[in-house]
Amino acid sequence: MTAIIVTAIVVAGLIVNGLRLRARVPSALPAAPAGPGGSRPPGPDWTWLTARGTAPDAATRRAAAAHAAAERLEMLELVPSDLPVTAARDMLRRVDPVAYRDNRIAVGRGAGIAVLVAGPMAERADARPVDEPGDPADVVAAIRHLRPCAPSRGAAIVVAPGLRYGTSPGGGYPAGGGTAGDGRTAGDLDRRRARLQANQVVVSVHVALDAIPFALTALALAAGWPWGLLALAAYCLQPYLIFAGTALAPRGLHAAALGRPVHAPYVIGRTLAGRWQSAAGRRRDVELAAAGPYYQAALAAGPQRFLEERRPDCPWCASPALTVAVRSPDLGVGKPGTFTLERCGNCGHVFQNPRLTLEGLGFYYRDVYDGLGTDTTERVFTATRQSYLGRAGMVRPYTTPKAWLDVGAGHGHFAAIAAEAWPETVFDGLDMGAGILEAERRGWVDTAYHGEFPALADTLAGRYDVISMHHYLEHTRDPRAELDAAARALPPGGYLLIELPDPQWPLAGLFGRYWMPWFQPQHQHLMPLANLAEALEQRGLRPVAVERGPAHIASDFFLAAVLWLWHHASPYAVPWRPPASAAGQAWRAVLWMVGVPVMAAGLLLDLTAGRALARRRDVGNAYRILARKEDILSHDR
Ligand SMILES: [Zn+2]
């Protein structure tokens, strides 16, 4: 009986996942329309980025330019139909071509073989011409830089039937590009790790997902081998389910399918052993080494010096009735130190106590949103598209904004998505981090203000009919000074939209320090809704709408699992922590393999129990409040 159940689960899982990946195979590039031979295709000048060893022929180039012009694409990636099977599968796991085309804030990804870029966009993106075509990992790094500059529906991926992968004997990329570490020339599998990293993949998770179907199939065989054979057959045939009859005919498909029980562990081993580095990877190593001395010097006297004296009372209402809400290390980033959030028994305000000094804030923010942490952080912001649309839609019953300022805009993700809901509105962004300048380069915000809002508020006064602060106030030292600034900057009748984590979310206590919104040491203040509403009223900002359940971001269980794993098995090398030993790395790989199913279970709980609770009780792990600045000010400052 057990054997039948295990086999049924394995077979169903393989079929569902196989069909999911099959649906993602990009469509084939249409042949160029017949016309006068040799005539230039309509549209702008095109720039090609290609990996070494692959060159689109004239017919493919013509077809690609015609397709891009017809579909109004500014960027078109061509995938060779004979891409090696592992690379093809990796691409499908990372990229859903439909979502990729439609989502303006999608992180640029792909196979990295050949990309066509419209000239004006290449110019706007400040894309340096690629003098010497490199590895696909290098091309993907360029795609990551370019994709955010394309408008919605402006970037696509297709399979090019006429494009062949690699031209060197045996295929792949042995030419001139370094070694595998043991003197052998680095082939495709030796480079897989670097190419996955170029695609923003956490390699531990990706490889754990390679290993799980293998392990489950072995389990089915062990549970009762006559039935287990069915699981084995499904395991071996799944690659055909993904690729057969699609535009892709990957190289090595038969060996990878029929020999999968041997091929899969071989690929996992070669991936984990891969030491080959892309140009971006080598640059990162240099940056890591350069960052080391700062962190050593900063930490020489211990992290205690980054904390002020503990205060005896609540900063919001001055009550001395304080209790510890949570004690936590820096779980997300892993810098040394322990932090305490205290809760006021009188007003419910939650705040960091003792709080960080200004120097401490600098230390703990460094290399998180900018510098070494840019890519990691970017991935997190990309995941919350629906939440962005919800925020943008909240003002609709009240006003039609002409100009909107997003304060704490980060890299401009909200503005990029909100512009879809408000195409006529000008979106500007303000942030203390340098990411906001990148947002302007991408065209995600019209104008970027780099600095502190209270200092800039007077110069911005009267220019915006909506000011938004999403997950911003909790990062500031003095949230009420930010509200003062908003009251100064808004014209009468203007709106302030705020979204914040809700410290009153009933499930928060379930996760202890692993509830993501505690986010130590960055979060300084977490305000109950009533406190914030009162502070707004006091500034002549009258709350007109509140959302609690609809503001819920269904991710608590999932993110708690991620945080736990991140804390105990961080997959990244960072300059503030010694590198892991070989045994430590092996242990981390095991934790990820066990952790990935736990993460999946967490996601399931979020989408069922968590979401149901938010709907039924109209509460959430975040809330939104929209306030209108009164025409006659109750007080003027
Ligand atoms: Zn209080």
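Everything here concerns the structure above.
In this report, we go over the structure that sits alongside the text. (Residues numbered from 1 in each chain as written. Predicted model: local features only at pLDDT ≥ 70, side-chain atom pairs only at ≥ 80, totals over all residues. Heavy atoms only, no water.)

## Observations concerning the overall build of the protein
For the protein, the count of helices and strands is 22 helices and 15 strands. Taken over C-alpha atoms, the radius of gyration comes to 26 Å for the protein, in line with the 26 Å a tight globule of 637 residues would show. Across the protein, contacts joining residues at least 24 apart in sequence account for 78% of those joining residues at least 6 apart. Roughly 27400 Å² of accessible area belongs to the protein as shown, and the carbon and sulfur atoms make up 60% of that amount. In the protein, 65 side chains carry a positive charge and 57 a negative one; their mean positions are 6 Å apart. (Helix = DSSP H or I, 4+ residues; strand = E, 2+ residues; numbered from the N terminus. Rg over C-alpha atoms; globule rule 2.2 N^0.38 Å. Contact = heavy atoms within 4.5 Å. Areas by Shrake-Rupley, 256 points an atom, 1.4 Å probe, with all protein chains shown as cover. Lys, Arg positive; Asp, Glu negative; His and termini not counted. Charge placed at Lys NZ, Arg CZ, Asp CG, Glu CD.)

## Topic: the nonpolar core
Core analysis: the biggest nonpolar cluster contains 50 residues, and Leu-76 and Leu-78 have the highest contact counts within it. Not counting residues up to four positions away in its chain, the partners in contact with Leu-76 are Leu-29, Ala-64, His-67, Ala-68, Ala-114, Val-115, Leu-116, Ala-156 and Val-158. Ranked by size, the runner-up nonpolar core spans 38 residues in total, among them Leu-430, Ala-457, Ile-467 and Ala-485. (Core = buried A, V, L, I, M, F, W, Y, C linked by side-chain atoms within 4.5 Å. Buried < 20%, exposed > 50% of the residue type's maximum accessible area, 1.4 Å probe, protein only.)

## Brief notes about the pattern of salt bridges
Under the defined criterion, the tally for this structure stands at 27 salt bridges. Here Arg-385 and Glu-420 are joined by a salt bridge, their closest N and O atoms 3.0 Å apart. Separated by 35 residues along the polypeptide, Arg-385 in helix α15 (residues 385-393) and Glu-420 in helix α16 (residues 413-421) bring together distant segments of the chain. Accessibility expressed as a relative area gives 23% for Arg-385, which makes it partly exposed. (Salt bridge = Lys/Arg side-chain N within 4 Å of Asp/Glu carboxyl O.)

## Observations concerning the sheet that holds strand β10 (residues 448-450)
Read from one edge of the open sheet, seven strands run β10-β9-β8-β11-β12-β15-β14, paired in mixed fashion. Unpaired on one side and paired on the other, β10 and β14 (541-547) mark the two borders of the sheet. Adjacent strand axes in the sheet meet at a mean angle of 20°, parallel and antiparallel pairs treated alike. Packing of helix α17 (residues 435-442) onto the sheet brings it into contact with β9 (426-431) and β10, and relative to β10 it is tilted by some 165°. (Pairing = 2+ DSSP bridges. Axes fitted to C-alpha atoms, helices over the stretch in contact; angles between N-to-C directions.)

## Quick look at the packing of aromatic side chains
Tallied over the full model, the rule gives 17 aromatic pairs. Summarising the aromatic geometry, the rings of Tyr-295 and Phe-363 are spaced 5.7 Å apart at their centres and angled 65° between planes, so their arrangement reads as edge-to-face. Of the two residues, Tyr-295 is situated in helix α12 (residues 279-299) and Phe-363 in helix α13 (residues 358-365); the sequence distance between them amounts to 68 residues. For the residue pair Tyr-295 and Phe-363, the accessibility class agrees, reading buried in each case. Considering the side-chain rings of Tyr-295 and Trp-576, the 5.1 Å spacing of their centres and the 55° angle between planes classify their relative orientation as tilted. In this pair, Tyr-295 is assigned in helix α12 and Trp-576 in the loop between α21 (556-568) and α22 (582-617), connecting sequence segments 281 residues apart. This pair shows no difference in class: Tyr-295 is buried, exactly as Trp-576 is. Among the aromatic residues, those joined into a ring-pair cluster are Tyr-294, Tyr-295, Phe-306, Phe-339, Phe-363, Tyr-364 and Trp-576. Its guanidinium or amino end placed over the ring of Tyr-100, Arg-147 lies 5.0 Å from that ring's centre, counting from NZ or CZ. The aromatic ring of Trp-316 is capped on one face by Arg-480, whose charged end is 4.3 Å from the ring centroid. (Phe/Tyr/Trp six-rings, centres within 6.5 Å; stacked < 30°, edge-to-face > 60°. Lys NZ or Arg CZ within 6 Å of the ring centre and 35° of its normal.)

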